[in-house]
Amino acid sequence: MERNHVTDDDQGKEVVDAHGKKIGMVTEVKSGTAYVNADPGITDTIRSKLGWGDADQDDYALEENRIHTITDDEIRLKDGL
């Protein structure tokens, strides 16, 4: 089922642009906002998959109006924003 609002279950998902190119990974979801690391290392990836994520200065808040859809595997952004 597709949706366009972020939940805690989205931590660890890949973030892709409108063309499917990976641009980062959700490292943490805090108060309904996804924080994205554009260059996650293996440690960041493992921590997020285990639900141990913690956003830091390298992570960017993803504005919900930029999200096209969220699936079981990824967050796809809108084109042209």
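Residues numbered from 1 in each chain as written. Predicted model: local features only at pLDDT ≥ 70, side-chain atom pairs only at ≥ 80, totals over all residues. Heavy atoms only, no water.

Draft legend 1. Seen up close, the pattern of salt bridges. Inspection of the entire model under this criterion finds 4 salt bridges. The salt bridge involving Arg3 is made with Asp10; its shortest N-O contact spans 2.7 Å. You can call Asp10 buried: its relative accessible area is 0%. One salt bridge in this structure joins Lys13 and Asp10, with 2.8 Å as the shortest N-O distance. Exposure class is identical for Lys13 and Asp10. Each is buried. Where salt bridges share partners, they join Arg3, Asp10 and Lys13 into one cluster. (Salt bridge = Lys/Arg side-chain N within 4 Å of Asp/Glu carboxyl O. Buried < 20%, exposed > 50% of the residue type's maximum accessible area, 1.4 Å probe, protein only.)

Draft legend 2. Geometry of the environment of Asn4. By the element assignment, Asn4 lies in the segment before strand 1 (14-16). The spatial distance from the C-alpha of Asn4 to the C-alpha of Ile70 is 5.5 Å, given a sequence separation of 66 residues. Contact partners of Asn4, with chain neighbours within four places excluded, come to Glu64, Ile67, His68 and Ile70. (Helix = DSSP H or I, 4+ residues; strand = E, 2+ residues; numbered from the N terminus. Contact = heavy atoms within 4.5 Å.)

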